[in-house]
Amino acid sequence: MMRIGIGYDVHPLVEGRPLMLGGVSIPHSKGLKGHSDADALLHAISDALLGALALGDLGRHFPDTDPKYRGIASLKLLEAVYEKVRERGFAVVNVDSVVIAEEPKLSPHLAEMAKNVADALHLSLDCVSIKATREEGLGFTGRKEGIAAKAVALLEKKG
Ligand code: MG
């Protein structure tokens, strides 16, 4: 049995925060605001995995009202989501994703992000796709007010 899921996340860009995407700290004048490290890409991927299992979203499992999750590395959350996938007898087949950010340039960091995701999901690198795009000055990402990410994940029941 195969299951597919979709994830979408947005965080505002603010001064005085590190910019974390795909578990990589990216040098930039601003970072993403959120309760955790606000890694929009890992949140979108986590939501795609949870969505494939019809388990709701990340906020349901790790509420941002819980002080336990303040500042938590989203790679830890992704690993915890992977455990839910594994516990239910599924393996991840592949993940595709896109980060929508006007700046900074993300291409130098995509390989490291993919490695982090592949490690967390026990996947080989050729099963993890992370892309980056700009919205050409349009909308909130184009105005550099925030960064968005979208992801899809395919799961397969083992055995
Ligand atoms: Mg989020």
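Reading the values: the criteria
- Residues numbered from 1 in each chain as written.
- Predicted model: local features only at pLDDT ≥ 70, side-chain atom pairs only at ≥ 80, totals over all residues.
- Heavy atoms only, no water.
- Pairing = 2+ DSSP bridges.
- Helix = DSSP H or I, 4+ residues; strand = E, 2+ residues; numbered from the N terminus.
- Right-handed = clockwise from strand over helix to strand, strands pointing away.
- Polar contact = N/O pair within 3.5 Å; in protein donor to acceptor, adjacent residues only side chain to side chain.
- Donors = N, O, S within 2.8 Å, 3.2 Å for Na, K, Ca; no water.
- Buried < 20%, exposed > 50% of the residue type's maximum accessible area, 1.4 Å probe, protein only.
- Axes fitted to C-alpha atoms, helices over the stretch in contact; angles between N-to-C directions.
- Contact = heavy atoms within 4.5 Å.
- Nonpolar A, V, L, I, M, F, W, Y, C, P; charged D, E, K, R; others polar.

J.: So what exactly am I meant to see when it comes to the pairing of strand β5 (residues 90–100) here?
T.: Looking down a regular strand, the side chains alternate between one sheet face and the other. Here β5 pairs with strand β7 (residues 146–157) via 10 bridges, running antiparallel. Bridge assignment links I100 to a residue of β7, and that residue is A148. Here β5 pairs with strand β6 (residues 128–133) via six bridges, running parallel. Bridge pairing in β6 links I100 to T133. Taking the sense of rotation as the criterion, the β-α-β connection linking β5, helix α4 (residues 110–120) and β6 turns out right-handed.

J.: It is not clear to me how the side chain of E102 should be interpreted in this structure. Could you clarify?
T.: Following the sequence through the fold, E102 ends up in the loop between β5 and α4. Side chain to side chain, E102 and R134 meet in a polar contact 3.0 Å long.

J.: Hey, could you run me through the coordination of the magnesium ion in this one?
T.: Coordination angles at a metal have ideal targets, namely 109.5 degrees for four tetrahedral donors and 90 or 180 degrees for six octahedral donors. Within the protein, the magnesium ion binds to D9 (OD), H11 (NE2) and H43 (ND1); these donor distances fall in the range 2.2 Å. We note that the donor set of the magnesium ion lies within a single chain, spaced as D-x1-H-x31-H. Both residues of the pair, D9 and H11, belong to the buried class.

J.: Help me understand the pairing of β7 in this model?
T.: Pairing of strand β1 (residues 2–15) with β7, which is carried by 11 bridges, proceeds in the antiparallel orientation. When the bridges of β7 are listed, H11 appears paired with I147.

J.: For this particular structure, what's the right way to read the sheet that holds β6?
T.: The strands that make up a sheet are held in pairs by hydrogen bonds between backbone atoms, and each pair lies either parallel or antiparallel. Spatially, the five strands line up as an open sheet ordered β4-β1-β7-β5-β6, and their pairing is mixed. Two strands lie at the open edges of the sheet, namely β4 (30–32) and β6, each paired on one side alone. Along the sheet, successive strands turn relative to each other by an average axial angle of 20 degrees, direction set aside. Contacts between helix α1 (residues 40–52) and the sheet are confined to β1, β4, β5, β6 and β7, with β1 contributing the most and set at about 155 degrees to the helix. Relative to the sheet, helix α3 (residues 74–87) contacts β5 and β7, its axis offset from that of β5 by approximately 145 degrees.

J.: Before we go on, may I ask you to explain the packing of α3 against α4 in this structure?
T.: Relative orientation and spacing of two packed helices are given, respectively, by the angle between their axes and the distance between those axes. With their axes 9 Å apart at the nearest point, α3 and α4 run at an angle of 35 degrees to one another. Of the residues in α4, those touching α3 at L75, L78, E79 and Y82 are N116, V117 and A120. Split into classes, the residues belonging to the contact of α3 with α4 amount to five nonpolar, one polar and one charged.

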